[in-house]
Structures are given as C-alpha cells and as structure tokens.
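# Summary of the model geometry
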Amino acid sequence: MNILTICGSLRAASLNAMLLRAIRRLAPPDMVIQEFANMAGLPLFNPDLDACPPASVIDLKQQIASADVVLIASPEYAHGITGVLKNALDWTVSSDVFVNKPVVVLNASPRATHADAALREILTVMSAQIIEAASVTVAVIGGGLDEDGIVAHPVIAARLQAALAATHDYYRLPQLG
C-alpha cells in the first residue's frame, strides 16, 4: 500500500511533521509511506493557471493520484486550517484526485477542533473518503515530545498503530469482495 503524507505546516520543528514521520516509522513493512515534500514550492492558487499548472502543482496532483491513501496532519491557525494546506487543496479542486480517495486526518492537538472540522468539510466537498476509524487525535502538543518521543510513547504509538491497522483494513476489505 502506497501512502502519501501531507503536512499543513512549513515549520522546521513542526509537531505535525514529526507526527507524520513517526507514523512512517511505526508502519508495517507493507505500507510505503512518503511525504509530499514541496508544500513551500506551491505558488498561490490562481485558477487562471489551471489549464497549464506549474510543475509543483502537477507533482502534487500526480502524487495524490498515485497514492492508495493520503494522510494529512495540520495545525490549527485562527480556528482554521493553515493557509499552506488550503492553498494545496485549492490547487486540486478542479481535478478528480481526491474523488473517492481514502484519506486519514491526523490531529496533534485535542484543542484543534475547528481546523479538524474544517479540513474534514473541505475533503468531503471534494468527494474524498475519510477513513473515520483511522482519523485520530493524539495529544502531541504540549507534551515536549519529538519524533523519537512519539514513537516511544506507549499510548500515542499504540493509537497511531491502531490508525494504521484501520487504514489497512479499510483499504483491503473492499478489494476482497
């Protein structure tokens, strides 16, 4: 299973980026997890460029389209998703890359309820299939944890591994029938 991660933060010390790197380390061997590493390279969304999008936008759409599942983690800014994540999602609106795409929404802060709800609304409007059983909130913020700490934390690691198992189940079960 090929999984693409998208982080809604550009911060070098982003807890959401650490969370996504940690989940890659906790994943079973049959899950290949790679990150979309060019969020900062996406220009501001401009529908006039949709007919001939920049290379970074083409790359984003191709990576989403080729992934079996997309994992998204983003902080909450001013009760919403980050501008960088909204910009990336806006670039995909005119395409069908999220139509029926299984998506997992990870939340690193129990307080970030507005961004979590807003992200789910946007993905639903774009016809993504949110894997609810795998979309979890883990209390990483304020815990002083880094990537190694997340992987070593028994409760957080277990929740992330359960989310990965739910992702695996969701993706595999429809193919059995």
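Scroll up for the structure.
Reading the values: the criteria
- Think of each chain on its own: its residues are numbered from 1, step by step along the sequence as written.
- Two thresholds apply to this predicted model, a pLDDT of at least 70 for residue-level local features and 80 or more for giving and counting side-chain atom pairs, whereas whole-chain, interface and lining totals are computed over all residues.
- With hydrogens and water excluded, all non-hydrogen atoms of the structure serve as input to the side-chain values.
- The criterion is simple. A nonpolar core is a set of buried Ala, Val, Leu, Ile, Met, Phe, Trp, Tyr and Cys residues joined through side-chain atoms within 4.5 Å.
- Throughout this description, buried means an accessible area under 20% of the type-specific maximum (1.4 Å probe, protein chains only), exposed means over 50%, and partly exposed covers the range between.
- To qualify as a helix, a DSSP run of H or I must reach at least 4 residues; to qualify as a strand, a run of E must reach at least 2; elements of each kind are numbered from the N terminus.
- Residue contacts follow a heavy-atom distance rule, with two residues in contact if any of their heavy atoms lie within 4.5 Å.
- Think of it this way: DSSP has to see at least two bridges between two strands before they count as a pair.
- Note on handedness: a clockwise path from strand one over the helix to strand two, with the strands aimed away from the viewer, defines a right-handed crossover.
- Fitting a line to C-alpha atoms yields each axis, with helices limited to the stretch in contact; the angle taken between N-to-C directions then spans 0 to 180 degrees.
- Oblique is the label for every angle not falling under 35 degrees (roughly parallel), over 145 degrees (roughly antiparallel), or within 65 to 115 degrees (roughly perpendicular).

## Quick look at the nonpolar core
One finds Leu19, Val69, Leu71, Leu106, Ile150 and Leu160 to be the most contacted residues of the largest nonpolar core, which totals 33 residues. Looking at this core, the elements that each hand over two or more residues are strand 1 (2-7), helix 1 (15-26), strand 3 (69-73), strand 4 (102-106) and helix 6 (154-176). Dropping the residues within four chain positions of it, Leu106 is found in contact with Leu19, Leu20, Ile23, Leu71, Ile72, Ala73, Ser74, Ala134 and Val136. Listed in part, the 28 residues of the second largest apolar core include Phe36, Leu42, Ile72 and Ile122.

## Thoughts on the pairing of strand 3
Every regular strand shows the same layout, with side chains that alternate between the two sheet faces. Here strand 3 lies mainly inside the structure; five of its five residues are buried. Residues Val69, Leu71 and Ala73 of strand 3 are buried on one face, and the alternating residues Val70 and Ile72, pointing to the opposite face, are buried as well. With five bridges connecting them, strand 1 and strand 3 associate as parallel partners. If you follow Thr5 over to strand 3, its bridge partner there is Leu71. Pairing of strand 3 with strand 4, which is carried by four bridges, proceeds in the parallel orientation. If you follow Ile72 over to strand 4, its bridge partner there is Val105. A crossover connection joins strand 3 to the parallel strand 4 through helix 3 (residues 83-92); in handedness this β-α-β unit is right-handed.

## Comments concerning the packing of helix 3 against helix 4 (residues 113-125)
Across the interface, helix 3 lies against helix 4 with an axial gap of 11 Å and an inter-helix angle of 5°. With respect to helix 4, the axis of helix 3 lies roughly parallel. Contacts between helix 3 and helix 4 involve Leu85, Lys86 and Leu89 from the first element and Leu119, Ile122 and Leu123 from the second.

## As for unusual backbone geometry
Within the chain, Ala78 stands out as a residue other than glycine whose phi angle is a positive 50°. Within the element layout of this structure, Ala78 appears in the loop between strand 3 and helix 3. Positive phi, normally seen in glycine, also occurs at Ser127, with a value near 70°. Note on placement: Ser127 falls in the loop between helix 4 and strand 5 (129-130). By relative accessible area, Ser127 is classed as partly exposed at 32%.

Structural measurements only, silent on function.
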